[in-house]
Amino acid sequence: MRNNIIGRNIKLLRERRKLSQEQVADYVGLGRDAIIRIEKGQRKVEVEELESFSQLFDVSRDIIIYGNLESNNDIKGIILAGGTGTRLYPITEGISKQLLPIYDKPMIYYPLSVLMEAGIKDILIITTKEDQEAFKRLLGDGSKFGINLEYIIQPSPDGLAQAFILGEEFIGDSCCAMILGDNIFYGNGFDKKLQIAYNNAVNGIATIFGYQVKDPERFGIMELDKKNNVISVEEKPEHPKSDFAITGLYFYPKGVSAKAKLVKPSKRGELEITTLNDLYLQDGTLKAALLGEGYTWFDTGTFSSLLEASNMIRTIEESRDRVICSPEIIGYKKGWLTKDKMQERANLISKNTYGQCLKSIIEKDTKNGKD
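A few points on the structure.

Rules behind the numbers
Residues numbered from 1 in each chain as written. Predicted model: local features only at pLDDT ≥ 70, side-chain atom pairs only at ≥ 80, totals over all residues. Heavy atoms only, no water. Axes fitted to C-alpha atoms, helices over the stretch in contact; angles between N-to-C directions. Helix = DSSP H or I, 4+ residues; strand = E, 2+ residues; numbered from the N terminus. Left-handed = near helix turned anticlockwise from the far one by under 90°. Contact = heavy atoms within 4.5 Å. Buried < 20%, exposed > 50% of the residue type's maximum accessible area, 1.4 Å probe, protein only. Arc of directions from axis to C-beta. Core = buried A, V, L, I, M, F, W, Y, C linked by side-chain atoms within 4.5 Å. Pairing = 2+ DSSP bridges.

Focus: the packing of helix H15 (residues 339–348) against helix H16 (residues 353–367)
Point 1. Two elements in contact, H15 and H16, have axes whose closest approach is 8 Å; the angle formed by their N-to-C orientations is 145°. H15 and H16 meet at a crossing whose hand is left-handed. Where H15 approaches H16, its residues Lys-339, Met-342, Gln-343, Arg-345 and Ala-346 are matched on the opposing element by Gly-355, Leu-358, Lys-359, Ile-361, Ile-362, Asp-365 and Thr-366.

Encoded structure:
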């Protein structure tokens, strides 16, 4: 089974990069017959060969091993970018929090890149009435990233679970992943965790992402057993049963809108996402993906967290000499964004390191014979 998945993904990546089997064979150091057998799942890929495929296609090994590259439409995505951002006044008195810069890109690029990295192309952005036009000016219909964006207004902030009711028509009969517009995730192997959550949703399982915090009473919390199974979830408990906060990233199977309609308003008058998660827990269809050492999560709702997030992105990008969490780069690597469209974006923003990074990727691919 694993050979079949790896072979399928290698074939898809080769075709998206418009490479012949001969070109791939030459790069990896194998014969064309071996590539044919690998793509048919008839030959095991050795570790050193896997590394060569990873370098050729410019994706992680986990994407080749675990990626669900064929299924781009099984899951719809939602970015919840509403709210008034009062904790960041006066900065956000005239602009949405999710449009503020985090080092070299707007904040919303980060949650957008997470959904795209998971393989999601159809995304709904929920905004306030006042801010929607600004988001449309920035992101458009998504075609400059190779994706499809739609927009809807949140009349009032009535809880995170409300997003699935507002987006019911958009979601339809699909699975759905939602991410909060002010959440930033980064870590080696994160793409693998996204693929597992994606596959869970397709198979009827909801996934929530946990991150250890020093002040768990400020968050929704997941309680885990010794095998890291979720045994309870609770919203901002006075006496937390664990220090694993439930982050602002959720994957749900088909039917989440109907499930959200079962959620009753809390004492705060909101449709709590924790209550929705508890419904899945009671059904035995809730799993946790834990983000341990090596991962970073920012809930950028304070002055300090904005600065810390920007400094982290700057440090990573300067040390690696490349841009991270870029919708253009992700769309291009996944074959959703053509080289011509990528070149247009690079030309538009060529006066800074972001645009120069896009240009260098195109030049590298051209040198390696990738069309």
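A closer look at helix H2 (residues 21–28)
Point 1. Among the residues of H2, those classed as buried are Gln-21, Val-24, Ala-25 and Val-28. In a view along the axis of H2, the buried residues occupy a sector of 100°, so they form one face of it.
Point 2. Taken together, the buried residues of H2 touch helix H1 (2–16), helix H3 (32–39) and helix H4 (47–57).
Point 3. Once H2 ends, the next one or two residues include Gly-29, with phi positive near 85°.

Notes on the nonpolar core
Point 1. Ile-123 and Phe-251 are the most contacted members of the largest nonpolar core, which has 55 residues in total.
Point 2. With 32 residues, the next largest nonpolar core counts Ile-208, Val-230, Val-263 and Leu-290 among its residues.

Quick word on unusual backbone geometry
Point 1. Omega for the bond connecting Tyr-89 with Pro-90 falls within 30 degrees of zero, at 10°, which places this linkage in the cis form.
Point 2. You can see Pro-90 is positioned in the loop between strand S1 (75–81) and strand S2 (101–102).

Structural notes on the pairing of strand S6 (residues 175–180)
Point 1. Summarising burial for S6: 6 of the 6 residues are buried, a large majority.
Point 2. Judged by which residues are buried, S6 turns out to be covered on both faces: Cys-175, Ala-177 and Ile-179 on one side and Cys-176, Met-178 and Leu-180 on the other are all buried.
Point 3. For S1 and S6, the ladder comprises 6 bridges, and the chain directions are parallel. When the bridges of S6 are listed, Ile-79 appears paired with Ile-179.
Point 4. For S6 and strand S11 (residues 244–252), the ladder comprises 4 bridges, and the chain directions are antiparallel.

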